[in-house]
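An overview of the molecular structure
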2 protein chains.
Amino acid sequence: MASATSFPRQQPLLQLLQQTDGELSAQELHQRLRATRHSTGLATVYRVLKQLQQAGLVRCRKLPSGEAVYAPVDRDEHHLTCVQCGLIQALPLCPISSGSLGLGAVLLQGFRPLFHTFEIHGLCSRCQQHEIAGDE
Amino acid sequence: MASATSFPRQQPLLQLLQQTDGELSAQELHQRLRATRHSTGLATVYRVLKQLQQAGLVRCRKLPSGEAVYAPVDRDEHHLTCVQCGLIQALPLCPISSGSLGLGAVLLQGFRPLFHTFEIHGLCSRCQQHEIAGDE
DNA sequence: GCTAGAACGACAACCATTCTCACTCTTGGG
DNA sequence: CCCAAGAGTGAGAATGGTTGTCGTTCTAGC
Ligand SMILES: [Mn+2]
Ligand SMILES: [Mn+2]
Ligand SMILES: [Zn+2]
Ligand SMILES: [Zn+2]
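Keep in mind that this is a model prediction, so the values were computed, not measured.

Here we come to helix α3 (residues 26–34) of chain B. All names here are of chain B. Those residues of α3 not exposed but buried are Ala26, Leu29, His30 and Leu33. Relative to the axis of α3, the buried residues are bounded by an arc of 100 degrees and lie together on one face. On the buried face of α3, the contacting elements are α2 (10–19), β1 (24–25), α4 (42–54) and β3 (68–72).

This part takes up the relation of the copies chain A and chain B. Of the two same-sequence chains, chain A is brought onto chain B (RMSD 0.0 Å, axial shift 0.0 Å) by a rotation of 180 degrees. Viewed as a symmetry operation, the transformation between the two copies matches a two-fold axis. The share of interface residues of chain A whose copies in chain B are also at the interface is 100%, consistent with both copies meeting through the same surface.

With that settled, consider the nonpolar core. Core analysis: the biggest nonpolar cluster contains 32 residues, and Phe111 and Phe118 of chain A together with Phe111 and Phe118 of chain B have the highest contact counts within it. Contact partners of Phe111 of chain A, with chain neighbours within four places excluded, come to Leu80, Thr81, Cys82, Gln89, Ile120, His121, Gly122, Leu123, Cys124 and Gln128 of chain B.

Residues and elements named next belong to chain B. Overall, antiparallel pairing links the three strands, which are arranged β1-β3-β2 in an open sheet. What marks the edges here is a single partner per strand, and that holds for β1 and β2 (58–62). Pairing of β1 with β3, which is carried by two bridges, proceeds in the antiparallel orientation. The partner of Leu24 across the bridge, within β3, is Tyr70. Seen against the sheet, α2 touches β1, β2 and β3 and runs at an angle of roughly 85 degrees to β3.

Before going further, it helps to spend a moment on the protein's contact with DNA strand D. Surrounding DNA strand D, one finds 16 residues, the nearest of these being Tyr46 and Ala68 of chain A together with Arg9, Thr44 and Arg47 of chain B. Close to the protein, within 4 Å, the atoms of DNA strand D are drawn from sugar and phosphate at a rate of 68%. Arg47 of chain B places a side-chain nitrogen or oxygen 2.8 Å from a base nitrogen of DNA strand D. Looking at the surface near DNA strand D, the elements with two or more residues in it are α4 (42–54) of chain A together with α4 of chain B. Among the elements that line the surface near DNA strand D, the one with the most residues is α4 of chain B, at three residues. Class assignment of the residues belonging to the surface near DNA strand D gives a composition of six nonpolar, seven polar and three charged.

What follows is about the pattern of salt bridges. Taken as a whole, this structure holds six salt bridges over all chains when the rule is applied. Here Arg59 of chain B ties to Glu23 of chain B by a salt bridge, and the two come within 3.2 Å at their closest N and O atoms. You can see Arg59 of chain B sitting in strand β2 and its partner Glu23 of chain B sitting in the loop between α2 and β1, a full 36 residues away along the chain. Because the salt bridges share partners, they merge into one network encompassing Glu23, Arg59, Arg61 and Glu119 of chain A.

Each partner contributes to the interface: chain A provides 39 residues, whereas chain B provides 39 residues. For the pair chain A and chain B, the summed buried area comes to about 3,600 Å², and 64% of that belongs to carbon and sulfur atoms. Three residues stand out in chain A for area buried against chain B, namely Gln54, Phe111 and Arg112 of chain A, and they jointly supply 18% of the buried area on that side. Here chain A is connected to chain B by zero salt bridges. Counting every contact that joins chain A to chain B gives 14 residue pairs in polar contact (both at pLDDT 80 or more). Sorting the residues of the side of chain A that touches chain B by element identifies α4, β4 (78–82), α5 (95–98), α6 (105–108), β6 (112–123) and α7 (125–133) of chain A as the ones contributing at least two each. Considering each element in turn, the side of chain A that touches chain B owes the most residues, 12 residues, to β6 of chain A. Grouping the constituent residues of the side of chain A that touches chain B by class yields 21 nonpolar, 14 polar and four charged.

The tally for this structure, following the rule as stated, stands at one aromatic pair over all chains. Ring centres 6.3 Å apart and planes at 75 degrees place the aromatic pair Phe118 of chain A and Phe118 of chain B in the edge-to-face group. Of this pair, Phe118 of chain A sits in strand β6 while Phe118 of chain B sits in strand β6 (residues 112–123), which puts the two residues in different chains. The buried category is assigned to Phe118 of chain A, whose relative accessible area is 0%.

All names here are of chain B. The geometry of α3 relative to α4 is characterised by a closest axis approach of 9 Å and an angle of 120 degrees between their N-to-C directions. Considered as vectors, α3 and α4 are oriented oblique to each other. In this structure, α3 crosses over α4, and the sense of that crossing is right-handed. Across the interface between the two elements, Ala26, Gln27, Leu29, His30 and Leu33 from α3 touch Leu42, Val45, Tyr46 and Leu49 from α4.

What counts as what
Residues numbered from 1 in each chain as written. Chains lettered and ligands numbered in written order. Predicted model: local features only at pLDDT ≥ 70, side-chain atom pairs only at ≥ 80, totals over all residues. Heavy atoms only, no water. Buried < 20%, exposed > 50% of the residue type's maximum accessible area, 1.4 Å probe, protein only. Helix = DSSP H or I, 4+ residues; strand = E, 2+ residues; numbered from the N terminus. Arc of directions from axis to C-beta. Contact = heavy atoms within 4.5 Å. Least-squares fit on C-alpha atoms with pLDDT ≥ 70 in both. Core = buried A, V, L, I, M, F, W, Y, C linked by side-chain atoms within 4.5 Å. Pairing = 2+ DSSP bridges. Axes fitted to C-alpha atoms, helices over the stretch in contact; angles between N-to-C directions. Near = heavy atom within 4 Å. Polar contact = N/O pair within 3.5 Å; in protein donor to acceptor, adjacent residues only side chain to side chain. Nonpolar A, V, L, I, M, F, W, Y, C, P; charged D, E, K, R; others polar. Salt bridge = Lys/Arg side-chain N within 4 Å of Asp/Glu carboxyl O. Buried area = accessible area lost by both parts, 1.4 Å probe. Phe/Tyr/Trp six-rings, centres within 6.5 Å; stacked < 30°, edge-to-face > 60°. Parallel < 35°, antiparallel > 145°, perpendicular 65-115°, else oblique. Left-handed = near helix turned anticlockwise from the far one by under 90°.

What follows is the structure, given as structure tokens:
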């Protein structure tokens, strides 16, 4: 198998993601790798993240700020994000696993799914209160 | 109601989104508005998009390229995106409406949902074939 | 060893978005 | 009406995450 030897940066990066609770951005990964003996250029961090994504090992989502955060693909986590203050809270539910929704192959038309994102955007309870105070 | 008079840019922008099939980026909206009598600065396009989003009238998602695209909130559309070539195809299914998943208020903890994103990332059939050809 | 090609890193370039700030428009009190 | 205060706006600068460039380093295969 060529993958292990051809891309020596993949392993340390993947391990770091697995060891870490929560999601990491490319820049954070770059920083943390610098602190270890597996220091890696930022460009390569991005290259490896794309490889791991295409290999189905890592998933990725974009924060409203624009930065992308990464996690092992088996972490099936979703979020509520406030469109006003940016607060993010975990959503203890996955629409894929909970629904009887098996994503029949019919719908996928030959597409091979690797990961999914499911994010709800709205107003957190605190911003709803401010909204009432300031009119509505 | 103050909203109609206070924010005269909201109406034309919202109408443009409603008239248009598919999603539009802020830059595309800016361009198209320039062509009408409702020309609007780019900064204001972004400002109004945020207002419409917080009002629950417009939804937004980030493309893998990093740019955000907007559509009326009632368009309940999701996508399959190829992590290799970037191909996007429509996904004729919504995990919220189809599952018996009503998003019980228990799970939301006071959060008021305005819209959601649900996107599947994977390999399109064409990229799967190339992958077979180039080893695996 | 030697060479071709892949992988890599430092840095520049890119570009969507946000910030700044001077200007304009609205509005309500005098 | 007139004027001042405050909100809204637009042009352009600044920001910052990501991608591209390109010379160097590493790795396989001979
Ligand atoms: Mn899930
Ligand atoms: Mn939906
Ligand atoms: Zn909030
Ligand atoms: Zn593809």
